[in-house]
Amino acid sequence: MTTLRAFTCDDLFRFNNINLDPLTETYGIPFYLQYLAHWPEYFIVAEAPGGELMGYSECRVLMLCMFTVMGKAEGSVAREEWHGHVTALSVAPEFRRLGLAAKLMELLEEISEKKGGFFVDLFVRVSNQVAVNMYKQLGYSVYRTVLEYYSASSGEPDEDAY
């Protein structure tokens with residue numbers, strides 16, 4: 001059975017199986033620590049029965065899971081722009097297609113709503129059609145295309161995001 005729990009600093013040394021995926025945007029340890037310090041309630045980890053991380057997500061209203069999600073809250077309450085933002089959502093390849101990403105998004109949306117968020121937004125690589133389709137199934141829509149949002153490696157062109 002999968003366990004959802006709060007992300008800890010020790011998890012930073014356990015999620016390479018998730019973070020090294022080519023579709024996952026990776027950050028330095030100080031970035032993750034900043035999110036953990038500012039939005040700990042949004043940093044959730046999902047653990048498999050054997051203790052391996054399955055994925056994570058970061059939301060600015062934030063979460064991390066073995067599938068992880070990381071995020072935060074941002075915007076203006078006065079202009080009804082206060083919202084959750086998914087910074088990262090990634091599931092380890094061996095745990096994909098089990099509904100973990102959808103569960104993390106559901107948790108993120110609940111946390112965002114409890115914090116008074118009016119909506120949740122995110123960016124996704126245009127080429128990541130599996131993720132684009134999942135977000136559409138969850139009720140998200142493409143608001144705009146951001147040109148060259150994702151930096152490319154090895155001399156390839158930068159990639160657009162929705």
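Higher on the page you've got the structure.
The rules behind the values
- Residues numbered from 1 in each chain as written.
- Predicted model: local features only at pLDDT ≥ 70, side-chain atom pairs only at ≥ 80, totals over all residues.
- Heavy atoms only, no water.
- Helix = DSSP H or I, 4+ residues; strand = E, 2+ residues; numbered from the N terminus.
- Contact = heavy atoms within 4.5 Å.
- Areas by Shrake-Rupley, 256 points an atom, 1.4 Å probe, with all protein chains shown as cover.
- Expected span 1.5 Å × (residues − 1).
- Buried < 20%, exposed > 50% of the residue type's maximum accessible area, 1.4 Å probe, protein only.
- Arc of directions from axis to C-beta.

A. Structural view of the overall build of the protein chain. Looking only at helices and strands, the protein chain features four helices and eight strands. The linear arrangement of helices and strands in the protein chain, starting from the amino end, is β-α-α-β-β-β-β-α-β-α-β-β. Taking as baseline every contact in the protein chain between residues at least 6 positions apart, the subset at least 24 positions apart corresponds to 54%. If you sum the accessible surface of the protein chain, you get close to 8,700 Å²; carbon and sulfur atoms cover 53% of it.

B. Region of interest: unusual backbone geometry. Positive phi outside glycine occurs at Arg 97, with the angle close to 65 degrees. Despite not being glycine, Glu 148 has its phi angle at roughly 55 degrees, a positive value. Within the secondary structure, Glu 148 is located in strand S7 (residues 146-150).

C. Region of interest: helix H3 (residues 100-114). A rise of 1.5 Å per residue sets the reference length of H3, with its 15 residues, at 21 Å; its end C-alpha atoms lie 21 Å apart and thus fit the reference within 8%. Those residues of H3 lying buried are Leu 100, Ala 101, Leu 104, Met 105, Leu 107, Leu 108, Ile 111 and Ser 112. Buried residues in H3, looked at end-on, bunch into an arc of 160 degrees, giving them a common side. Seen from the buried face of H3, the exposed residues on the opposite side, beyond 90 degrees, are Glu 113 and Lys 114. Backbone geometry just downstream of H3 places Gly 116 in the positive-phi region, at approximately 90 degrees.

D. Region of the structure containing the environment of Pro 40. Considering the arrangement of structural elements, one finds Pro 40 in the loop between helix H2 (29-38) and strand S2 (44-47). For Pro 40, a relative accessible area of 38% translates into the label partly exposed.

E. The environment of Cys 9, seen in detail. Mapping Cys 9 onto the fold places it in the loop between strand S1 (3-6) and helix H1 (16-19). A relative accessible area of 40% means that Cys 9 is categorised as partly exposed. Along the sequence, Cys 9 and Leu 33 sit 24 residues apart, while their C-alpha atoms lie 7.3 Å from each other. In this structure, Cys 9 is in contact with Leu 33 and Leu 36, ignoring residues within four places of it in sequence.

By themselves, these observations are geometric and do not establish any function.
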